[in-house]
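One letter stands for each residue in the lines below.
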Amino acid sequence: MEQSITCINCPVGCRMTVVLSDTGGFESVSGNTCPRGAAYARQECTLPERMVTAVIPVSGSAIPLSVKTSKPVPKDMIPAVMGELSKVCISVPVSLGQVIIPDILHTGSDIVATRTLK
Ligand code: SF4
């Protein structure tokens, strides 16, 4: 099975063709100009991951708090991560970089504040 994807690691945007086995295992990639493209292709076609960003309400602030994951999480877990974020109940003050939820859903990624709210 072949899959076409575009590398997003740099502005060149190489178009790559990934060959997967019948069971979905990675077999080969072509069209990449550098090893970063090959690594991206393998990751994207076998276990795609994404950074998650969101805003959550903060008690004592009229401005919501923007948060993000500290590293990418499996793409299929994004709805569950958003579900956990909807349960968060925090108050001011919040500092830039503060961990709001450590190791969310055992992904190894923390939810961190991307701004300070006083
Ligand atoms: S394969 Fe390499 S050169 Fe091509 S878009 Fe990806 S990072 Fe850039």
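Structure report, in brief. (Residues numbered from 1 in each chain as written. Predicted model: local features only at pLDDT ≥ 70, side-chain atom pairs only at ≥ 80, totals over all residues. Heavy atoms only, no water.)

Okay, the environment of Asn9 next. Inspection of the secondary structure assignment puts Asn9 in the loop between strand S1 (2-6) and strand S2 (15-20). Remark: the alpha-carbon pair of Asn9 and Tyr40, spanning 31 residues in sequence, is separated by 7.8 Å. Not counting chain neighbours up to four residues away, the residues in contact with Asn9 comprise Arg36 and Tyr40. (Helix = DSSP H or I, 4+ residues; strand = E, 2+ residues; numbered from the N terminus. Contact = heavy atoms within 4.5 Å.)

Spatially, four strands are ordered S5-S7-S11-S10 in an open sheet, and the strand pairing comes out antiparallel. Each edge of the open sheet is held by one strand with a lone partner, namely strand S5 (53-56) and strand S10 (99-101). Ignoring which end each strand starts from, the neighbouring axes of this sheet average 35 degrees apart. Sheet analysis places S10 next to strand S11 (residues 111-113), joined by two bridges and oriented antiparallel. Residue Val99 lies in a different strand from S11, and its bridge partner there is Val112. (Pairing = 2+ DSSP bridges. Axes fitted to C-alpha atoms, helices over the stretch in contact; angles between N-to-C directions.)

On to the site of the ligand, then. Every residue close to the ligand is listed here: Cys7, Asn9, Cys10, Gly13, Cys14, Asn32, Thr33, Cys34 and Gly37. In terms of residue class, the shell around the ligand is made up of four nonpolar, five polar and no charged. (Near = heavy atom within 4 Å. Nonpolar A, V, L, I, M, F, W, Y, C, P; charged D, E, K, R; others polar.)

Taking 1.5 Å as the rise per residue, helix H1 (residues 35-46) with 12 residues should run 16 Å; its terminal C-alpha atoms sit 17 Å apart, in good agreement. Within H1, burial applies to Gly37, Tyr40, Ala41, Glu44 and Cys45. Taken around the axis of H1, the buried residues stretch over an arc of 115 degrees, which confines them to a single face. Its buried side turned inward, H1 meets S1, S2, strand S3 (26-30) and strand S4 (49-50). (Expected span 1.5 Å × (residues − 1). Buried < 20%, exposed > 50% of the residue type's maximum accessible area, 1.4 Å probe, protein only. Arc of directions from axis to C-beta.)

Turning next to unusual backbone geometry. For the peptide bond that leads from Val92 to Pro93, omega is 0 degrees, which places it in the cis range. Secondary-structure assignment places Pro93 in the loop between strand S9 (90-91) and S10. One non-glycine residue with positive phi stands out, namely Leu105, at about 50 degrees. Within the secondary structure layout, Leu105 lies in the loop between S10 and S11.

Under the counting rule described, the total for this entry stands at two salt bridges. Close ionic contact of Glu44 with Arg50 constitutes a salt bridge, the shortest N to O distance being 2.8 Å. Of the residues examined, Glu44 reaches a relative accessible area of 15% and is grouped as buried. Since its relative accessible area comes to 29%, Arg50 is described here as partly exposed. One salt bridge connects Lys87 with Glu84, and the closest N-O pair in it is separated by 2.9 Å. (Salt bridge = Lys/Arg side-chain N within 4 Å of Asp/Glu carboxyl O.)

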